Amino acid sequence: MESQAIRDLVILGGGVNGAAIARDAAGRGLAVTLFEAGDIGGATSSASTKLVHGGLRYLEFGEVGLVRKALVERDLLLRAAPHISWPQPFLLPLLPGGRPGWMIAAGLFLYDHLARRREVPGACRVDLRAELAGGALKPELGRAFRFFDGWVDDARLVVLLARDARERGADIRAHDGAVRARLADGLWQVSGASGHRVAARLLVNATGPWAEATARDLLGLPDPPRLRLVQGAHIVTRRVNRTDEAFLLQQADGRIVFLLPYERDWSLIGTTETPVADPGAAAITPAEEAYLLAAANAVLARPLAPADIRHRFAGVRPLVLEEGKGDRETTRDWRFHHHAGVPATTVVGGKLTTFRRLAEDLVSALFPGTQPWTRQARLPGGDIPDLGGRTARANFLLWSRALKARFADHDPALVERLASLYGTEAEALLAGGLGARLPSGLFEAEAAHLRAREFARTEEDMLWRRTKLALTPERRPPHHLVHA
Ligand SMILES: Cc1cc2nc3c(=O)[nH]c(=O)nc-3n(C[C@H](O)[C@H](O)[C@H](O)COP(=O)(O)OP(=O)(O)OC[C@H]3O[C@@H](n4cnc5c(N)ncnc54)[C@H](O)[C@@H]3O)c2cc1C
């Protein structure tokens, strides 16, 4: 099957970057087709630590520009999607052998002042012994800093970007990987696994950790970018956080490990840095699991055992190859690799946090004369009314409370779950009737919404990525909803 009109842009890869580029370009009135081999956001972009952050530790490597750029994006995303993202408080305990307190204080001061901050409070010193959260930690840990970053449901973020792109006219082809691409008479002819074919003037390769192989093998380009592939693993354990505060743990090897509250009943611990060759084979190793447990147990009053692990996942960072630098120092910034003599660009690197800016910069560069528009735009479901709250999240919590009152005949925990997944679109779901509850915990209308509007096909799409129902057997409100 061939689409009739010539497209302005064909995008390979439906992770956060490809989806954001499709959305940005479609919103500028361009004709866009995106091919994604698997589920939308099903690869790296749903295996992240889910932080919307400047990256405090990148300041150590002098990446002030990247950190500032990411901090600006942090505030913008917290406003664009207050249903799936919120301010995340962190406690950073001072540990023997770790960075000295004055250095951390200086870093946090810079972090707080690099960009305008509307959505998150600033940093301060705390005594863990006087903090509820500190109860989870060994009693000898006392001094710490509290600071804020952002959290986002990464899998839902990508789906919402792809949806917004589709609603603005993009053709989003999930489960339809590009299997053939060739340039003829100045046009890219790309075929998907389904047999669907498009012709496009420009091609963007946004296949993340597959980008080098895609450029070389599928596109047949002689100048593929060089990538360094580094796996990062996470474990999900019984909940060890006593509050909604996360811990940032300095490691003897100079790395940091995050110990985050996750959904209502779990903690998320990550991550690692293990060089890999094949992004398709990402899987946590026993050594990574042991490393993460040891990092947590070095500070926890009640240690975690392997049996406390409920779930494990791994993703592959596609880092820009920088000769002579280790994985920790390698930049998390992105590069646009414009291939010589052909209308094709490969996106290299990047972070979840910076998807919007990456897409805006790329589409502006490829289509001069078109206008950026995403800076203040909300994502689907994120158009929460201003109810007088100080922040977008405060408005969301007020709105969610009102929704529970409006649908008082429903279990408030269920209304909260729907509000925190679908934002304002929960109203239509509730008003239209949810139908029967399926054995998976999804309601009929919800499953239909996921299939029709969120590209979901399989149980895994629905229960692990669109929702986290696979993780939590009973549906109680996620912990974060009880905090203003
Ligand atoms: C462990 C880990 C933790 C991280 N934590 C954070 C964090 O907390 N905060 C943050 O900001 N960033 C974080 N990152 C970085 C962030 O997750 C990545 O930069 C981002 O997800 C990369 O997105 P992408 O779209 O480039 O790649 P992907 O999400 O991998 O998307 C590429 C897509 O291309 C598809 N594809 C491949 N070949 C083809 C083909 N031939 N045709 C069509 N499609 C194809 C794949 O199926 C895939 O879905 C983390 C990364 C890792 C690995």
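For clarity, every value in this text was computed on a predicted model and none was experimentally measured. (Residues numbered from 1 in each chain as written. Predicted model: local features only at pLDDT ≥ 70, side-chain atom pairs only at ≥ 80, totals over all residues.)

Chemist: Lay out the overall build of the protein in plain terms, naming residues and giving numbers.
Modeler: Within the protein, the regular secondary structure consists of 12 helices and 18 strands. Residues classed as buried in the protein amount to 51% of the 484 residues present. A sequence separation of at least 24 residues applies to 69% of the contacts in the protein between residues at least 6 apart. (Helix = DSSP H or I, 4+ residues; strand = E, 2+ residues; numbered from the N terminus. Buried ≥ 20, exposed ≤ 12 C-beta atoms within 10 Å, placed from the backbone. Contact = placed C-beta atoms within 7 Å.)

Chemist: Explain the packing of helix α1 (residues 16-27) against helix α7 (residues 355-366) to me, using residue names and the numbers behind them.
Modeler: Look at α1 against α7: their axes get within 8 Å of each other, and the N-to-C directions meet at 55°. Taken as axis vectors, α1 and α7 run oblique relative to one another. For the crossing formed where α1 meets α7, the hand is right-handed. Residues V16, N17, A20, I21, R23, D24 and A25 of α1 form the contact with α7, whose own contacting residues are F355, R356, L358, A359, E360, L362 and V363. (Axes fitted to C-alpha atoms, helices over the stretch in contact; angles between N-to-C directions. Parallel < 35°, antiparallel > 145°, perpendicular 65-115°, else oblique. Left-handed = near helix turned anticlockwise from the far one by under 90°.)

Chemist: Describe the pairing of strand β6 (residues 143-152), naming the residues involved and giving the relevant values.
Modeler: The element β6 is largely enclosed, with a buried count of 7 among its 10 residues. Summarising the sheet, strand β3 (residues 51-52) and β6 pair through 2 bridges and their orientation is antiparallel. Note on β6: the bridge partner recorded for L51 is W151. Direction of pairing for strand β4 (residues 85-93) relative to β6: antiparallel, over a ladder of 9 bridges. By the bridge assignment for β6, L91 is matched with R146. (Pairing = 2+ DSSP bridges.)

Chemist: I'd love a proper account of the pairing of strand β2 (residues 32-35), names of residues and values included.
Modeler: Alternating residues of β2 divide into V32 and L34 and T33 and F35, and every residue in both groups is buried. With 4 bridges connecting them, strand β1 (residues 7-12) and β2 associate as parallel partners. When the sheet's bridge partners are listed, L12 is paired in β2 with F35. One crossover worth recording links β1 to the parallel β2 by way of α1, and it is right-handed. Relative to strand β7 (residues 171-173), β2 runs parallel, the two being bridged by 3 bridges. Note that in β7 the partner of T33 across the bridge is D171. (Right-handed = clockwise from strand over helix to strand, strands pointing away.)

Chemist: Break down the packing of helix α9 (residues 412-422) against helix α10 (residues 425-432) for me, citing the residues and quoting the values.
Modeler: Running from N to C, α9 and α10 point in directions that differ by 135°, and their axes come no closer than 8 Å. Judged by the angle between their axes, α9 and α10 are oblique. Residue-level contacts link V415, L418, A419 and Y422 of α9 to E425, A426, L429 and L430 of α10. A class-by-class count of the residues in the contact of α9 with α10 yields 7 nonpolar, no polar and 1 charged. (Nonpolar A, V, L, I, M, F, W, Y, C, P; charged D, E, K, R; others polar.)

Chemist: Which residues make up the environment of A181, and what are the values?
Modeler: Within the secondary structure layout, A181 lies in strand β8 (residues 178-184). Sequence-wise, A181 and L203 are 22 residues apart; in three dimensions their C-alpha atoms are separated by 9.7 Å. Filtering out sequence-adjacent residues up to four positions away, A181 remains in contact with W188, V190, L218 and L219.

Chemist: Outline the nonpolar core, supporting the account with residue identities and numerical values.
Modeler: One broad trend across soluble globular proteins is that nonpolar side chains are buried collectively. Counting residues in hydrophobic clusters, the biggest one holds 92 residues, and the most contacted among them are I11, I21, A22, L161 and A162. Per-element accounting of this core gives the leading share, 9 residues, to helix α2 (residues 64-80). Setting aside chain neighbours within four positions, we find A22 in contact with I11, V32, L34, A162, A165, A170 and I172. Residues Y111, I235, V257 and F258 belong to the second largest nonpolar core, which totals 38 residues. (Core = buried A, V, L, I, M, F, W, Y, C linked by C-beta atoms within 7 Å.)

Chemist: An account of α1 is needed here, citing residue identities and associated values.
Modeler: If you check α1, its first and last C-alpha atoms are 16 Å apart, about what 12 residues at 1.5 Å a residue would give, namely 16 Å. Taken across its 12 residues, α1 has 12 buried, putting it largely inside the fold. All of the buried residues along α1 are V16, N17, G18, A19, A20, I21, A22, R23, D24, A25, A26 and G27. Remark: G29 follows α1 within two positions and exhibits a positive phi of approximately 85°. (Expected span 1.5 Å × (residues − 1).)

Chemist: Could you give an account of unusual backbone geometry, with specific residues and numbers?
Modeler: Of the consecutive residues G270 and T271, the connecting peptide bond is found in the cis state with omega at 15°. Within the secondary structure layout, T271 lies in the loop between β14 (266-270) and β15 (274-275). In this structure, E263 takes a positive phi of about 50° despite not being glycine. One non-glycine residue with positive phi stands out, namely F455, at about 65°. Mapped onto the fold, F455 is located in the loop between α11 (444-453) and α12 (459-466).

Chemist: Help me get a handle on the environment of E167, residues and values and all.
Modeler: Mapped onto the elements, E167 comes out in helix α4 (residues 154-167). Residue classification places E167 among the partly exposed residues on the basis of 14 C-beta atoms within 10 Å. With 19 residues separating them in the primary sequence, E167 and F148 have C-alpha atoms 33 Å apart.

Chemist: Residues and numbers for α9, please.
Modeler: The element α9 is extensively covered by neighbouring structure, given that 8 of its 11 residues are classed as buried. Within the sequence span of α9, burial applies to V415, E416, R417, L418, A419, S420, L421 and Y422. Elements that come into contact with the buried residues of α9 comprise α4, α8 (392-406) and α10. Just downstream of α9 lies G423, where phi reads positive at about 55°.

Chemist: Can you lay out the confidence of the model for the protein for me, pointing to particular residues and giving the numbers?
Modeler: Keep in mind that low pLDDT regions are not for reading the predicted coordinates in detail. Of the residues in the protein, 95% have a pLDDT of 70 or more, and the chain-wide mean is 93. Confidence over residues 474-484 falls short of pLDDT 50; this stretch has 24 contacts with residues more than four positions distant or in other chains. (pLDDT = per-residue confidence, 0-100.)

Chemist: Go over the domain arrangement of the protein, please, and point to the residues and values.
Modeler: Segmentation of the protein into domains returns domain 1 (7-44 + 156-226 + 330-366), domain 2 (86-151 + 228-320) and domain 3 (392-482). Counting residues at the interface gives 11 residues for domain 1, matched by 8 residues for domain 2. Here the residues of the side of domain 1 that touches domain 2 sort into 5 nonpolar, 5 polar and 1 charged. (Domains from an automatic or database assignment.)

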